[in-house]
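Breakdown of the fold
Spelled out, the chains give:
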Amino acid sequence: MYSDIIGALGEEWTVASAGGITGEAYVATTRQQKIFVKRNSSPFLAILSAEGIVPKLLWTKRMYNGDVLSAQQFIEGRELSPADMQRSDVAAQLGKIHHSKELLFMLQQLNHTPVTSSLLLRQCVAYGQDESNRIIDEAIQWLTRHQPADDDRELVVCHSDLNHNNWLEDESGQLYLTDWDDAIIADRAFDLAMVLYSYVDEAGWEDWFRQYGVDLTQSLHERMHWYAVAQTVLTIYGEQSDLERLEGLAVLKELLEEADE
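Residues numbered from 1 in each chain as written. Predicted model: local features only at pLDDT ≥ 70, side-chain atom pairs only at ≥ 80, totals over all residues. Heavy atoms only, no water.

1. Quick word on the side chain of Glu169
With respect to the element layout, Glu169 can be found in strand S8 (residues 167–170). Judged by its relative accessible area of 15%, Glu169 falls in the buried class. Side chain to side chain, Glu169 and Arg87 meet in a polar contact 3.2 Å long. (Helix = DSSP H or I, 4+ residues; strand = E, 2+ residues; numbered from the N terminus. Buried < 20%, exposed > 50% of the residue type's maximum accessible area, 1.4 Å probe, protein only. Polar contact = N/O pair within 3.5 Å; in protein donor to acceptor, adjacent residues only side chain to side chain.)

Below, the structure written as structure tokens:
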């Protein structure tokens with residue numbers, strides 16, 4: 001099943017799926033070594049490794065079919081829980097990422113076009129044209145009325161999928177953020193909305209932002225709420241099951257009610 005991976009690594013390796021949606025990640029082992037292998041990772045991976053944001057990159061290798069394998073140190077540790085996302089080291093690590101000019105420069109060199117509020121609003125409007133749902137209609141109207149101005153000074157490297165399962169803690173307490181395939185350039189509020197609205201009680205936001213390294217201004221708070229609404233609309237669009245859609249609509253309704261308070 002993994003003959004092409006074994007062919008690239010060597011017959012002494014045993015390969016198993018590491019799970020994940022894409023099915024392109026593997027755990028490879030010999031008697032002496034265990035590594036994490038991924039097919040066609042972003043070239044962004046090297047600088048993330050150098051910055052200590054992801055587990056150490058060991059090597060990259062081009063396969064006969066043109067695919068590129070990357071091997072990283074295998075982390076013996078655990079994924080963070082939802083409750084862990086309130087921790088100060090999570091805030092500090094995300095702040096380090098968002099403040100990194102080197103990461104931003106690298107992603108710009110890879111010709112990433114910024115994901116702006118204008119782009120997200122267009123996507124939400126296009127989705128709304130395919131839907132006949134009152135809550136989604138209200139959300140799109142609210143997004144249109146409250147769209148924040150796009151400011152190049154607020155653009156940072158955003159991970160864009162800050163689910164707690166993408167954070168790993170090794171046995172020494174070192175924290176890593178993995179799965180960078182969907183990294184984008186966007187307003188920091190794009191990432192912050194995902195973390196704060198999903199995992200951190202609002203009473204703890206001030207302390208969380210102190211560790212993150214930026215003041216929670218009224219402007220940032222309003223932008224975060226806007227991105228939270230937009231992301232929820234687009235998440236509902238991608239859900240397959242009726243239950244997940246209903247749950248998404250409930251979250252969206254709550255966000256709109258909070259915006260009116």
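There is more to say, and it comes next.
2. Overview of the sheet that holds strand S6 (residues 77–79)
Pairing between sheet strands relies on hydrogen bonds along the backbone, with the strands arranged either parallel or antiparallel. Read from one edge to the other, the open sheet built from 3 strands follows the order S6-S8-S9, with strand pairing classed as antiparallel. Unpaired on one side and paired on the other, S6 and strand S9 (175–177) mark the two borders of the sheet. Taking the axes of each pair of neighbouring strands and ignoring which way they run, one obtains an average angle of 25° across the sheet. Of the pairings in the sheet, the one linking S8 to S9 comprises 3 bridges and is antiparallel in character. Bridge pairing in S9 links Glu169 to Leu175. (Pairing = 2+ DSSP bridges. Axes fitted to C-alpha atoms, helices over the stretch in contact; angles between N-to-C directions.)

3. A word on the packing of aromatic side chains
Each aromatic ring pair is described using two quantities: the centre-to-centre distance and the angle formed by the ring planes. Here the structure, examined in full by the defined rule, presents 8 aromatic pairs. An angle of 70° between the planes, with centres 5.9 Å apart, marks the rings of Phe44 and Trp180 as edge-to-face. Of the two residues, Phe44 is situated in the loop between strand S3 (34–39) and helix H2 (45–50) and Trp180 in the loop between S9 and strand S10 (184–187); the sequence distance between them amounts to 136 residues. Judged on exposure class, the residue Phe44 and its partner Trp180 are both buried. (Phe/Tyr/Trp six-rings, centres within 6.5 Å; stacked < 30°, edge-to-face > 60°.)

4. Focus: the pairing of strand S4 (residues 57–62)
Sheet analysis places S4 next to strand S5 (residues 68–73), joined by 5 bridges and oriented antiparallel. Looking across to S5, one finds that Trp59 is bridged to Ala71. The turn linking S4 back onto S5 is made up of 5 residues, and Gly66 within it adopts a positive phi angle of 100°.

5. Thoughts on the packing of helix H7 (residues 188–199) against helix H9 (residues 218–238)
At their nearest, the axes of H7 and H9 sit 8 Å apart, and the two run at 75° to each other. Between H7 and H9, the angle is such that the two are roughly perpendicular. On H9, the residues that touch Arg188, Ala189, Phe190, Leu192, Ala193, Met194, Leu196 and Tyr197 of H7 are Leu220, His221, Arg223, Met224, His225, Tyr227, Ala228 and Gln231. Its residues assigned to classes, the contact of H7 with H9 shows 11 nonpolar, 3 polar and 2 charged. (Parallel < 35°, antiparallel > 145°, perpendicular 65-115°, else oblique. Contact = heavy atoms within 4.5 Å. Nonpolar A, V, L, I, M, F, W, Y, C, P; charged D, E, K, R; others polar.)

6. Thoughts on the nonpolar core
Counting 66 residues, the largest nonpolar core has Trp180 and Trp208 as the members making the most contacts within it. Considering every element that reaches this core, the biggest residue donor is H9, with 9 residues. The next biggest cluster of nonpolar side chains, apart from the first, holds 13 residues, and it includes Trp13, Val15, Ile35 and Met63. (Core = buried A, V, L, I, M, F, W, Y, C linked by side-chain atoms within 4.5 Å.)

7. Observations regarding the pattern of salt bridges
If you walk through the whole model with that rule in mind, you get 18 salt bridges. Put simply, Arg153 and Asp151 hold a salt bridge, and the shortest N to O gap is 2.9 Å. Among the salt bridges present, the one from Glu206 reaches Arg210, with a minimum N-O distance of 3.5 Å. Remark: Arg210 and Glu206 occur in helix H8 (residues 205–212); sequence separation between them is 4 residues, near one turn of the helix. No difference in accessibility class separates Glu206 from Arg210, as the two residues are exposed. Within the structure, one salt-bridge network assembled from shared partners comprises Arg78, Asp84, Arg87, Asp89 and Glu169. (Salt bridge = Lys/Arg side-chain N within 4 Å of Asp/Glu carboxyl O.)

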